[in-house]
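Listed here are the chains, written in short residue letters.
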Amino acid sequence: MQTPYFLLDKQLLDANLVSFKDALNRIWAHSSIGYSVKTNSMPWLLKYLKGQGLQAEVVSDEEYELSLLCGFAETEIIYNGPIKSEDYFISAVRKGSIVNIDSKNELAWFKAHIKESNSNIGIRINVDTSIFDESDVAYTNEGFRFGFSEENRDLAQAIDILRLGDEKNRIGLHFHCNSVSRSVDVYRKIALYAKELILKYNIDPSFIDVGGGFFGGVEGKPGPVDYVNVIYEELKNVVDVEKTKLIVEPGSAIIGSAVSFHTSVIDVKDTSKATVVTTDGSRINIDPLWAKDKYDYATESDYDASKIKSKQIICGYTCMDHDRIMSITGGRALSIGDRIIYSKVGAYTMTFGGPFIKYFPEVYVEDSGVSQLIRKRMTVQDYYTIQNG
Ligand SMILES: Cc1ncc(COP(=O)(O)O)c(C=O)c1O
């Protein structure tokens, strides 16, 4: 296989799936897993997860359409986010998708078109960031972007509209919060916040959707059982867990740890100040937010190279001087043809970004030692055709 390429390890993927399914079956059986399509929207993966009984959590009309193409029924799609179109919104509600309303715009569409109570409709709650430990979330001063705030009464109004003014009508509650730590405590706080709202507004939720943002398959970090446990413990006294469905929307916890990115050294040079190692993978491929400060990686060489270098700067192919992936200090001197393999890079990577200088690399899936190509390298002709129709 020619580098650069991504390799999806199907056994690791299966292990991540099993640990979510087991935790939910054991603790909150009336539940579903809505895989976060944006985290990695590879069609092979979506079809596979559909076959494994997952639902698709989408945040655009395009992702909705892609999920249908990959075999999900409308009733197996959760439609979130602030950029739904009116047509898709109405159709998704009518066809039985779970639709979590994010904006006043959508409330207006609801009022205009939906006349009957619908327990598949949920409301995205703009959880007050001050309930969290400062080390767990970003934007503690400015707050989160999405959903309705309870503190300014917007949430109360929205709940009233969605329940059509009748407390007996059931709706769902959606709480995804972006945390920087993925800590279990974030979910404890979310569950406590949910509990307060349930009591205050006398809600019998059809579902509680806690969103994504979990760890999964990473040694030394929490796993599904830890998260589901705290959510259950905080909510078991205010909801009937046989009637209120728990929805989780993992993305990274399913695919992140199952994928590696394989690159080769294409040049090594000493400048007056450093040793620069250029590779055929870029930071674009594995760190779309350009924020990582360490990687889980290994190097491979066909030669028994024992020379040690005090510092090597590993760079990407992009011709941008800042495409510097990492520095290796005190490592074996790398030479042309050596491989650098980055692990746990399946989330927000292989479908993020676009054709820049080099085009999307190949993706393989490996199962019991057998590799299968599941995405061809994007060719110049593919790129040209997309641009020219
Ligand atoms: C609403 C929603 N659900 C699920 C996810 C998936 O998060 P992760 O990939 O971190 O599990 C996200 C990511 O931002 C999200 O916004």
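Residues numbered from 1 in each chain as written. Predicted model: local features only at pLDDT ≥ 70, side-chain atom pairs only at ≥ 80, totals over all residues. Heavy atoms only, no water.

Caption draft 1: Up close: the pairing of strand β16 (residues 362-367). When strand β1 (residues 5-9) meets β16, the two strands line up parallel, connected through 5 bridges. Looking at β16, one finds that Phe6 is bridged to Val363. Both β16 and strand β17 (residues 370-375) contribute to a ladder of 5 bridges, which runs antiparallel. Across the sheet, Tyr364 pairs through a bridge with Leu373, a residue of β17. Between β16 and β17, which follow one another and run antiparallel, lie 2 residues, and Ser368 among them has a positive phi close to 50 degrees. (Pairing = 2+ DSSP bridges. Helix = DSSP H or I, 4+ residues; strand = E, 2+ residues; numbered from the N terminus.)

Caption draft 2: Representation of the domain arrangement of the protein in the model. According to the domain assignment, the protein consists of domain 1 (10-256) and domain 2 (257-388). The centre of domain 1, based on its C-alpha atoms, is set 34 Å off from the matching centre of domain 2. Each partner contributes residues to the interface: domain 1 has 19 residues there, and domain 2 has 18 residues. Our enumeration of links across domain 1 and domain 2 arrives at 1 salt bridge. Between Lys10 and Asp367 there is a salt bridge, and its shortest N-O distance comes to 3.5 Å. For the interface between domain 1 and domain 2, the tally reads 11 residue pairs in polar contact (both at pLDDT 80 or more). (Domains from an automatic or database assignment. Contact = heavy atoms within 4.5 Å. Salt bridge = Lys/Arg side-chain N within 4 Å of Asp/Glu carboxyl O. Polar contact = N/O pair within 3.5 Å; in protein donor to acceptor, adjacent residues only side chain to side chain.)

Caption draft 3: Molecular detail of the nonpolar core. Residues Leu13, Tyr35, Ile123, Ile125, Phe175, Leu235 and Tyr342 are the most contacted members of the largest nonpolar core, which totals 98 residues. No other element matches the 9 residues that helix α7 (residues 184-200) contributes to this core. A domain-level breakdown of this core finds at least three residues from each of domain 1 (10-256) and domain 2 (257-388). When near neighbours in sequence (up to four residues on either side) are disregarded, Ile123 contacts Asn100, Ile101, Phe148, Leu155, Ala158, Ile159, Leu162, Ile171, Gly172, Leu173 and His174. (Core = buried A, V, L, I, M, F, W, Y, C linked by side-chain atoms within 4.5 Å. Buried < 20%, exposed > 50% of the residue type's maximum accessible area, 1.4 Å probe, protein only.)

Caption draft 4: Layout of helix α8 (residues 224-235). Between the first and last C-alpha of α8 there are 17 Å, a value that for 12 residues agrees with the 16 Å anticipated at 1.5 Å per step. Among all positions of α8, only Pro224, Tyr227, Val228, Val230, Ile231, Glu234 and Leu235 are buried. Taken end-on, α8 shows its buried residues confined to a sector of 160 degrees, consistent with a single buried face. Elements that come into contact with the buried residues of α8 comprise α1 (10-27), α7, β8 (207-209) and β9 (245-248). (Expected span 1.5 Å × (residues − 1). Arc of directions from axis to C-beta.)

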